[in-house]
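Read off the chains here:
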Amino acid sequence: MIPNTAVSRRGFLGLAGGLGVAAALAGCGTSGGTSTGGAVSGTSVAVLPSTAPATWNAVLAKVNGKLKADLGFELDAQFINWSNYQQQSLLKFTAGEKFDSALQALWLNMAQLQQSGSLADLTNEISKYKNLSATLPKKLLESNSWDGKLWGIPQVNSAARVQHFVIRQDIADTLGFSTITDFEQLERFFYAVKQKNDGTVAYGAASNSGYLHAVPVPTGMFNATSWENPDTIARAFSGKGMFFLLAKNASKTGSSAPKAFWDDEGVVDALRRIRKYYNDGIINADALNTDAATLKSQWAAGKYAAGWAMTDGTSSNTLTTLQKAVPKAALANIMPLKGGLSAKPNQTFQADNLVVVNSKGGNLDRTMQLQDWLSIKENHDLVCYGIEGTDWEPADGNKFKPLNDYAFPGYALAWRPSLERKSLSISPTEEKIFDWAQNFDNFTLDPFASFIPDTTPVKQQVAAMTNVITQYANPLFYGAVDVDDQLDKLKKAADGAGVAKLQEEMQKQADAHLKKQS
């Protein structure tokens, strides 16, 4: 989204074998073990990105009244701003803090945490909880298992995820771009916005994920080649570190032949395009230092004509707020794939977001019971949309009408494909893309879909490279520096940090993965 959302109590009691006995297992106690389905008490602390919704205290009070009556414990949410989430959430794990669960993902620290034993094994847990298991498709669980082990509960509302653009359709109509179907048209729209010169910036970017502008996953926002050929998903050992592109014919040859992202023609062309956009004022000049919350408020104020979107049907959620600043504002989603929605881009079907359980300081039973409770529509709606009648009201077709600015990061705690409501303000183009993303058959399974590289042999190089990427690659991803000069600096720094060792290890592990698949 820019800027860059039933079982009764009696039923659960039956599942858990009876919770009438006074609970006495508050805090930790099941670290690294398996859940018993028994009674728990205390507070389930969830570490979440973003900021608390404006009416969160009222919603949390209602949540806890119901949760306490149903299951005997309460929920607390520790919100961490997106700009600090990756680092601070990792520190919480490594410092051994007491919390039950957190949002994690491959693009955050999930591989590192799993390999350090910080995550509880959930492989045999889901089937114990009937509401939870009923809302998680089998294919989703299979796609998110690593060598048969499940380390997090997928938080998705669609089968596949492809980043793309949300645009101000009212501006596009004014400038004669009623329908945009390819990247070339989109670029002309950007420059038409600039030429209009009314203070609107063509594209608004935040500082948290610059690599998405250039590196194909399978699309890069400004990587025109990837929109023509969405058949490659770049790989990194950890988070937003050093990305490698693996050979497209690896399944046939058995050789992954990874190359550094800067050796890919499409990526370098994208970096040059981004630099041009930066110099031409197409991208906000402060993108490198603009956090997601600031960008979101600026988008809602009408500052930008386009931004980042995901195929989760949520980018239209900002329309109600946007129309307070720009009454005639309208939104549309643009997916400039060659061949449109028949392109079948590569996918791993792995969730972008997962709820993981802290094996060293969390309570597995309590986390799983909370996840099961959130799999009941009434409870899911309360957390995700707020208090009915105050924060939202139901609308036709399993949609909801927001009544205020309540925005909970449901993707970090309570997303379930079958429970999600569409916003009443969802644009026809976003609804079409969202519906398309629900079907696994609309995508190509990536040959490295279940490949999760092990960071253990290259821990030192991964850590060193993270600093190199932050210092030398991030400015490239926003266009803030000259491409050729900065690439030279990046390559030199990467050599010193051990990029050759990373490349060698990536090939070794990726080739072994291919061999196991054959």
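This one's a predicted model, so the numbers in the text were calculated from it and none came from an experiment. (Residues numbered from 1 in each chain as written. Predicted model: local features only at pLDDT ≥ 70, side-chain atom pairs only at ≥ 80, totals over all residues. Heavy atoms only, no water.)

## Quick word on the side chain of Thr455
And step 1. The topology assignment puts Thr455 in the loop between β18 (444-445) and α17 (459-478).
And step 2. For Thr455, a relative accessible area of 5% corresponds to the buried category.
And step 3. Sequence-distant contacts of Thr455, that is, excluding residues within four places in its chain, are made with Gln112, Gln115, Phe237 and Ser238. (Helix = DSSP H or I, 4+ residues; strand = E, 2+ residues; numbered from the N terminus. Buried < 20%, exposed > 50% of the residue type's maximum accessible area, 1.4 Å probe, protein only. Contact = heavy atoms within 4.5 Å.)

## Overview of the packing of aromatic side chains
Any two aromatic rings considered together are summarised by their centre-to-centre distance and by the angle between their planes.
And step 1. Applying the stated criterion across every chain yields a total of 29 aromatic pairs.
And step 2. Taking 6.1 Å as the distance between ring centres and 50° as the angle between the ring planes, the aromatic pair formed by Phe165 and Phe222 counts as tilted. Placement of Phe165 in strand β7 (residues 164-168) and of Phe222 in the loop between α8 (183-196) and α9 (224-228) is noted, with a sequence separation of 57 residues between them.
And step 3. Accessibility expressed as a relative area gives 0% for Phe165, which makes it buried.
And step 4. Here Phe222 falls in the buried class, since its relative accessible area comes to 0%.
And step 5. In textbook terms, an aromatic cluster arises when at least three aromatic residues are bridged by ring pairs, as seen for Phe165, Phe177, Phe189, Phe190, Tyr191, Tyr203, Phe222, Trp227 and Tyr277.
And step 6. Above the face of the Phe349 ring, Lys139 is positioned so that its terminal group lies 5.9 Å from the ring centre. (Phe/Tyr/Trp six-rings, centres within 6.5 Å; stacked < 30°, edge-to-face > 60°. Lys NZ or Arg CZ within 6 Å of the ring centre and 35° of its normal.)

## Looking at unusual backbone geometry
And step 1. Here the bond from Val217 into Pro218 is cis, since omega is 5°, no more than 30 degrees from zero.
And step 2. Tracing the backbone through its elements, the reader meets Pro218 in the loop between α8 and α9.
And step 3. If you check the backbone angles, Asp147 has positive phi at about 50° while not being a glycine.
And step 4. Looking at the element boundaries, Asp147 is found in the loop between β4 (145-146) and β5 (149-150).
And step 5. For Asp147, a relative accessible area of 67% translates into the label exposed.
And step 6. The phi dihedral of Phe349 is positive, around 60°, even though this residue is not glycine.
And step 7. Among the secondary structure elements, Phe349 is positioned in the loop between β13 (346-347) and β14 (354-357).

## Concerning the sheet that holds strand β9 (residues 243-245)
And step 1. Taken in spatial order, the three strands line up as β8-β9-β10 in an open sheet, and their pairing is antiparallel. Edge strands, defined here as strands with exactly one partner in the open sheet, are β8 (235-236) and β10 (259-260).
And step 2. Taken together, the two bridges between β9 and β10 define a ladder with antiparallel strand orientation. The residue bridging Phe244 from the neighbouring strand is Ala260, located in β10. (Pairing = 2+ DSSP bridges.)

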